[in-house]
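Coordinate inspection notes
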Amino acid sequence: MSLTEMSLSDVVKRQYEFKLRAFLGVFISMVGVHLISLLFSLGGVSSSGTSSSTGISIDVSYYSADIIVIFTMVWIFITGILITTKSVRYDDFTFVANRLSSNLANVLFLLTASAIGGAAAVLVGFLLKVIVFFVSDSQYSTGNSLMGAPAEFFIAVTAAILYMILFASLGYLTGMIVQVNKIFVFLLPALFVGFAVYLGISNVKLAKAIFDFIFAESSLLLFAVKALVLSALFFAGSMFISNRMEVRK
C-alpha cells in the first residue's frame, strides 16, 4: 500500500499531460482540416462586378476566414465527442483517478485544444489573405493586416477561441449522452433536425433570436459571458451524466 496520498490537482495534472500526448493525432488532424478549409476558401465567399460603356470593368471578390472557422468548430465538436468514448474513459482508470479528475482533465484538454484551434484558424485566415494577394492578379485589396490592426487580431482570436470552447463543450455533452445509450446516435440528429425544421417553418422569429443570441453579438464581453456560461452548463451536464453512469459502462 502506498504511503503517498496524491491530491486531486496532481491526479488531474497527470491525466491532462497524458491526454496531451495520447491525443497528439487530434492536432495533426486539425492541420489537415485547416488545409482543406483553406482550399475551399481560395475561391472566395462571393463576388460581384460592374462595367461601363467606356470598356472599364471591375470585378470584386470577397475572401473570408468564415469557412476555416466553421471547419475548425466541426473539428473541435468531434474531438469533444471522441474524448468521451469508452476506450478513453477506461484509460483514465489506469491512473489513481475518479470521475471528477477524469472530467476535469478532459475539460482542460478541450480548453487547450480550443485555444490552439481558435488561434490557428485566425492565423490561417491571414494566410489566406497573403496567398490571395500574391497569387491573384488583383490590382487593389482592402482588409486588416495582422501587424496593422492588433486590436482586431485580438478580438478575432478571442472570439474564435470562445466559439471553439462552446462547440467543444457541446460535443462533450453529446458524447456523454451517446455513451448512456447508443440509440442517441440516431435520436439526437433526428431531434436536432426536427427542431430546426420546426423553428424554420412555424417560428422564424424564435429561430432568428436564438441565432442572434449566439452568433450575432456585437459586444465581445457579452459574447464571452454567453459563451462561457453556456459552455459551463454543457460541461456541468456532462459531468452529471458521467457520475450517474456505471463504472465500466
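1. A few points about the overall build of the chain
Summing up its helical and strand segments, the chain has nine helices and two strands in all. Its helices and strands in sequence order give the chain the pattern α-α-β-β-α-α-α-α-α-α-α, from N to C terminus. Among the 249 residues that make up the chain, the fraction classed as buried is 32%. Expressed as a percentage of contacts within the chain between residues at least 6 apart in sequence, the contacts between residues at least 24 apart total 79%.

2. What about the nonpolar core?
Trp75, Ile76, Ile83 and Leu110 are the most contacted members of the largest nonpolar core, which has 36 residues in total. Within the residue set of this core, elements represented by two or more residues are α2 (24-41), α3 (66-82), α5 (99-135), α6 (150-180) and α9 (220-244). Sorting elements by how many residues they give to this core places α5 first, with nine residues. Not counting chain neighbours up to four residues away, the residues in contact with Trp75 comprise Val26, Ser29, Met30, Val33, Ala113 and Gly117.

3. Thoughts on the packing of aromatic side chains
Considering all chains together, one arrives at six aromatic pairs under this definition. When the centroid spacing of 5.7 Å and the interplanar angle of 40° are considered together, the rings of Phe40 and Phe71 count as tilted. In this pair, Phe40 sits in helix α2 while Phe71 sits in helix α3, placing the two residues 31 residues apart along the sequence. When its relative accessible area of 52% is taken as the criterion, Phe40 is described as exposed. Here Phe71 falls in the partly exposed class, since its relative accessible area comes to 29%.

4. A few points about the side chain of Ser37
In this fold, Ser37 is placed in helix α2. Here Ser37 is in contact with Ile67, Ile68 and Phe71, once residues within four sequence places are set aside.

5. As for the environment of Lys86
You can see Lys86 is positioned in helix α4 (residues 86-92). The exposure class assigned to Lys86 is partly exposed, which follows from its relative accessible area of 40%. With 90 residues separating them along the chain, Lys86 and Met176 place their C-alpha atoms 10.0 Å apart.

6. Side note on a nonpolar patch on the surface
Taken together, the side chains of Leu127, Val130, Phe133, Phe134 and Val135 define a hydrophobic patch exposed on the protein surface, amounting to about 540 Å² of accessible area. What makes Leu127 partly exposed here is its relative accessible area of 41%.

7. Topic: the packing of α3 against α5
The geometry of α3 relative to α5 is characterised by a closest axis approach of 9 Å and an angle of 165° between their N-to-C directions. Here α3 is positioned roughly antiparallel relative to α5, judged by the angle of their axes. For the pair α3 and α5, the sense of crossing is right-handed. Where α3 abuts α5, its residues Ile68, Val69, Thr72, Trp75, Ile76, Thr79 and Gly80 lie against Phe109, Leu110, Ala113, Ser114, Gly117, Ala121, Val124 and Gly125.

8. Quick look at the environment of Leu228
Along the chain, the position of Leu228 falls in helix α9. For Leu228, a relative accessible area of 45% gives the class partly exposed. Taking C-alpha positions, Leu228 is 7.2 Å from Leu166, a pair spaced 62 residues apart along the chain.

9. Thoughts on the confidence of the model for the chain
Looking at the chain, the pLDDT average stands at 80 and 73% of residues meet or exceed 70. Element-level mean pLDDT values for the chain span from 58 in strand β1 (residues 46-51) up to 93 in α3.

10. What to know about the environment of Val132
Relative to the helices and strands, Val132 is located in helix α5. According to the relative accessible area criterion, Val132 is buried, its value standing at 12%.

11. Points about α2
The end-to-end C-alpha distance of α2 is 26 Å, a good match for the 26 Å that 18 residues give at a rise of 1.5 Å each. All of the buried residues in α2 are Val26, Phe27, Met30, Val33, His34, Ser37, Leu38 and Ser41. Along the axis of α2, the buried positions cluster into a sector of 135°, meaning they face one direction only. For α2, the exposed residues set more than 90 degrees away from the buried face come down to Leu24, Ile28, Leu35 and Leu39. Residues of α2 that are buried in the fold lie against α3 and α5.

What counts as what
Residues numbered from 1 in each chain as written. Predicted model: local features only at pLDDT ≥ 70, side-chain atom pairs only at ≥ 80, totals over all residues. Heavy atoms only, no water. Helix = DSSP H or I, 4+ residues; strand = E, 2+ residues; numbered from the N terminus. Buried < 20%, exposed > 50% of the residue type's maximum accessible area, 1.4 Å probe, protein only. Contact = heavy atoms within 4.5 Å. Core = buried A, V, L, I, M, F, W, Y, C linked by side-chain atoms within 4.5 Å. Phe/Tyr/Trp six-rings, centres within 6.5 Å; stacked < 30°, edge-to-face > 60°. Patch = residues over 30% accessible without salt bridge, like charges linked within 9 Å, V, L, I, M, F, W, Y side chains within 5 Å. Areas by Shrake-Rupley, 256 points an atom, 1.4 Å probe, with all protein chains shown as cover. Salt bridge = Lys/Arg side-chain N within 4 Å of Asp/Glu carboxyl O. Axes fitted to C-alpha atoms, helices over the stretch in contact; angles between N-to-C directions. Parallel < 35°, antiparallel > 145°, perpendicular 65-115°, else oblique. Left-handed = near helix turned anticlockwise from the far one by under 90°. pLDDT = per-residue confidence, 0-100. Expected span 1.5 Å × (residues − 1). Arc of directions from axis to C-beta.

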